[in-house]
Amino acid sequence: MQALLNFDLAIEARADGYRARVMASPAGEAEGSFELPFSEKDLQILVLKVIGSVGRRRRKLRRFESVERRMLEDFGGQLFQAVFAGSVRSCLERSLAAAEGEDAGLRIRLRLAPSLENVPWEYLYDRDYGFLCLSPETPLVRYVEIPRPVRPFPVRPPLRILAMIAAPTDVQALQNEEEWNKLNGSLGELIERGMVQLDRLPVGSLAALQRPLRQREYHVLHFVGHGLYDEDAEDGALVLEDESGQGRLVTGRDLGTMLRGHRSLRLVVLNACEGARSAVDDPFGGVAQALVRQGVPAVIAMQFEISDPVAVVFSQSFYQALADLLPADEAMVEARRAIFAADNEVEWATPVIYLRAPDGRIFAEVPVDEEKEQREREETERRERESAERREREAAERLAREEEERRREEAERRQREEEERRERDRRVGEWNEVAAGALREGRWDDAVRVLEQLVNAGQNDPATMQRLRSAQAQQQRAGLVAEARRLYSAGQWADVLTVAEQLDRLGATDKETARLTASAKSKLETAARKQAREQARAAGRPLVADMRDRLFARLVDLGIYLIPFLLLTPRYAPESGEQISTGDTLRLGGIILAIATYEVVLTAIWGRTLGKRLLRLQVVRSDDRGPVGWSESLLRWFIQLLAWATCTFVLLYLTPYWDKSGRRQGLHDRVAGTLVVKLPPR
């Protein structure tokens, strides 16, 4: 295994372009400025062409066209010449010479600016050196330096790999068993030789990782599935399965949280398209970078889609080299060379390695004393056999004790159930008698309590349930009646009406309840009228006139009516059979005209006659309390005239007493739309 010296190259973004800075190397430090020899659009076109070449190989085109090979050499050559120019190239050449002098290679560790993570640096090409990634003398890694040191984990064969295959039902179809068979087949020879042990998670979910990682030490997590990159969120994610088998996006941070604390797990392989892509501004974005930041020593991800044949070659070659305890970057070179040798001149750059181990070593060999190990193994097997026999004896004895205890508990349970049944029957009989007595005597609370006990005890036959519902209804009715009495005694008339409504809905209204309801309504109306008068009086508004004031005003008006009656009535009575003269008729018409003038004109002009004026009463419109006009005054008087003509004026003047609205409107007021009010004092 050839030793490797480190050539640390940081590529940093600046306002006027980029700077390549050799931070450490066998030849010292150097730096230089440069600009990328291509645009973002050119890079996208290159990626599309690479992906297109993968598609053609899937369509069984065995030979890669030379124009695409020249395209990659041209791209990689321009990128190499831009970065390794001037003093930086000189430093590289001197470092290569120094490494060759020590019979070593030169590991190129790239420390990239976030905006350059998406550039396929693995295609770096020089006419003198060829593609750097394909030479074991110049392995190229994307290096992430973290203050926590990385020590190789001691391991002896087999290399244990935990496979996670995620195939959610709501994303592009992925055949679980087919993918598993491909991976298992590619590692079949290594598994038979005992160099690799391959286990599979039952489902491709995040939760499924927890128990296997807790139960035993795994060295590699190999993921097969889909990867997505959200252009808006600028972050990558793996598509795992949720509890229902549908897709769930899991970021590298989330996956790293589940892997943290498992020291034996040194490598994560992400066989997913776009799994290695990075955000432009977030150095922690991208699944692979996030896992390294979370503490995983090495992560391999695919920066493009990878074809099935290449995935098989990669797995065989890479895990073979890793099982031989090669450093991770050297194992990656071996895998890339194997892909290149398998008639594929493009996809060897698809796998990208992210590394934080300074020398690339993530596993170390454990020295083994074979004789001592054999003795320990035999002693362990003997102890395990004795322990297994002891556990079997203890299990048999425990089963016998448990069976005996079960039988004893079963007998006690049956005896207990029989005693409980007899006691329950006795209590049920007593409760039935108590319930019947309570129902006869009208003790509804006791009846409901005892009947509920019967139902809870299991006696829920239709007859018992009917008795319980009847008792509950009577209990509710009695409670409402008692509540109505209490509220009536307390003078809470509105609450009495509320309780009466509840009784009415139950159909439980009796004479006493009806009497309380009627009385409460009357008292509420009286209180409302009183309150209205007080509010009107306080606000200086007219009140509905009291019937006593209206009677006195009417008597005053009748007294005034006598004046034209006495003046115009003849002083003699006509003889029997004598006809009324024209003068008498005119005098009678004059009386009616005088009264009409008095009543209609004064009401239309002032809203009151002299009698109403004396008692501060006024006739207003009933709708808005505004002054009345000639039509209302004339209509109001005409109704009174009809009552006088038919000798029903007494009934007419009693109709305000029958007005339940509290406005005391007589028939003439309702017809004319008027209302008699009491004016406030001056």
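Above this text sits the structure in question.
Quick look at the structure, then. (Residues numbered from 1 in each chain as written. Predicted model: local features only at pLDDT ≥ 70, side-chain atom pairs only at ≥ 80, totals over all residues. Heavy atoms only, no water.)

1. So, the overall build of the protein
Of regular secondary structure, the protein possesses 21 helices and 21 strands. For the protein, the share of sequence-separated contacts (at least 6 apart) that also reach a separation of at least 24 residues comes to 71%. Total accessible area computed for the protein in this model is approximately 37,500 Å², and 51% of it derives from carbon and sulfur atoms. (Helix = DSSP H or I, 4+ residues; strand = E, 2+ residues; numbered from the N terminus. Contact = heavy atoms within 4.5 Å. Areas by Shrake-Rupley, 256 points an atom, 1.4 Å probe, with all protein chains shown as cover.)

2. Quick look at the environment of aspartate 199
Take aspartate 199: it is sitting in strand S10 (residues 196-200). Between the C-alpha atom of aspartate 199 and that of leucine 162, which follows or precedes it by 37 residues, the distance is 5.0 Å. Not counting the four nearest positions on each side in its chain, aspartate 199 is found in contact with Ile161, Leu162, Ala163, Trp180, Arg216 and Tyr218. Polar contacts involving the side chain of aspartate 199 include one to the side chain of glutamine 197, which spans 3.2 Å. Of the polar contacts made by the side chain of aspartate 199, one reaches the side chain of tyrosine 218; its length is 2.7 Å. (Polar contact = N/O pair within 3.5 Å; in protein donor to acceptor, adjacent residues only side chain to side chain.)

3. Brief notes about the side chain of serine 622
Mapping serine 622 onto the fold places it in the loop between strand S20 (617-621) and helix H19 (630-645). Using a relative accessible area of 18% as the deciding quantity, one classes serine 622 as buried. With sequence-adjacent residues up to four places away left out, serine 622 is seen in contact with Arg663, Gln665, Gly673, Thr674 and Leu675. (Buried < 20%, exposed > 50% of the residue type's maximum accessible area, 1.4 Å probe, protein only.)

4. Here's the deal with the environment of threonine 609
Looking at the element boundaries, threonine 609 is found in the loop between helix H17 (582-606) and helix H18 (610-614). Sequence-wise, threonine 609 and aspartate 557 are 52 residues apart; in three dimensions their C-alpha atoms are separated by 7.3 Å. If near-sequence neighbours (up to four positions away) are discounted, threonine 609 is found in contact with Asp557, Tyr598, Glu599, Leu602 and Thr603. A polar contact is formed between the side chain of threonine 609 and the side chain of aspartate 557, at a distance of 2.7 Å.

5. Here we look at unusual backbone geometry
The omega torsion of the bond from proline 157 to proline 158 falls at 5°, within 30 degrees of zero and hence cis. Within the element layout of this structure, proline 158 appears in the loop between strand S8 (153-155) and strand S9 (159-165). A positive phi angle is found at leucine 325, which is not glycine, with a value near 65°. With respect to the helices and strands, the residue leucine 325 is situated in the loop between helix H9 (308-323) and helix H10 (328-341).

6. Observations regarding the environment of proline 37
Relative to the assigned elements, proline 37 resides in the loop between strand S3 (30-34) and helix H1 (40-58). Put simply, proline 37 and phenylalanine 80 are 43 residues apart on the chain and 9.8 Å apart in space, counted from C-alpha to C-alpha. When residues no more than four places from it in sequence are discounted, the contact partners of proline 37 are Gln78, Leu79 and Ala82.

7. Quick look at the sheet that holds S3
Each strand in a sheet pairs with another by means of backbone hydrogen bonds, the pair being arranged parallel or else antiparallel. Read across the sheet, 11 strands follow the order S3-S2-S1-S4-S7-S17-S16-S15-S11-S9-S10 without closing on themselves; strand pairing throughout is mixed. The two strands at the open ends of the sheet, each matched to only one other strand, are S3 and S10. The average angle at which neighbouring strand axes cross in this sheet is 25°, direction not considered. Sheet topology note: the strand S4 (residues 104-112)/strand S7 (residues 140-143) ladder contains 3 bridges and is parallel. The residue of S7 that forms the bridge with leucine 110 is arginine 142. Here helix H3 (residues 87-101) sits on the sheet and contacts strand S1 (3-14), strand S2 (17-24), S3 and S4; the angle it forms with S4, its principal contact strand, is near 145°. (Pairing = 2+ DSSP bridges. Axes fitted to C-alpha atoms, helices over the stretch in contact; angles between N-to-C directions.)

8. Quick notes on the packing of aromatic side chains
Counted according to the given criterion, the structure contains 8 aromatic pairs. When the centroid spacing of 4.6 Å and the interplanar angle of 25° are considered together, the rings of phenylalanine 80 and phenylalanine 84 count as stacked. Judged by its relative accessible area of 0%, phenylalanine 80 is buried. Relative to tyrosine 319, the ring of phenylalanine 318 has its centre 5.6 Å away and its plane inclined at 65°; by these criteria the two rings are edge-to-face. Phenylalanine 318 gets classed as buried once you look at its relative accessible area, which sits at 0%. Judged by relative accessible area, which is 0%, tyrosine 319 ranks as buried. (Phe/Tyr/Trp six-rings, centres within 6.5 Å; stacked < 30°, edge-to-face > 60°.)

9. Quick look at the packing of helix H4 (residues 176-186) against H9
Direction vectors running N to C along H4 and H9 enclose 40°, while the axes themselves pass 8 Å from each other. The orientation of H4 with respect to H9, classified from their angle, is oblique. Here H4 and H9 pass one another in a crossing that is right-handed. Of H9, the residues touching H4 (which contributes Lys182, Leu183, Gly185 and Ser186) are Asp308, Val312, Ser315 and Gln316. (Parallel < 35°, antiparallel > 145°, perpendicular 65-115°, else oblique. Left-handed = near helix turned anticlockwise from the far one by under 90°.)

10. Topic: the sheet that holds strand S21 (residues 674-678)
As summarised here, the arrangement of the 3 strands in space is S19-S21-S20, forming an open sheet in which the pairing is antiparallel. This sheet does not close on itself; its edge strands, each paired only once, are strand S19 (543-544) and S20. Looking at chain direction, S20 and S21 are connected through 5 bridges and run antiparallel. The partner of valine 619 across the bridge, within S21, is valine 676.

11. Here we look at the pairing of strand S16 (residues 298-302)
Summarising burial for S16: 5 of the 5 residues are buried, a large majority. In this sheet, S16 lies alongside strand S15 (residues 267-271) in parallel orientation, the contact comprising 4 bridges. When the bridges of S16 are listed, leucine 267 appears paired with alanine 298. Bridge count for S16 against strand S17 (residues 351-355) is 5 bridges, and the pairing is antiparallel. Each bridged residue has a counterpart across the sheet, and for isoleucine 300 the counterpart in S17 is isoleucine 353.

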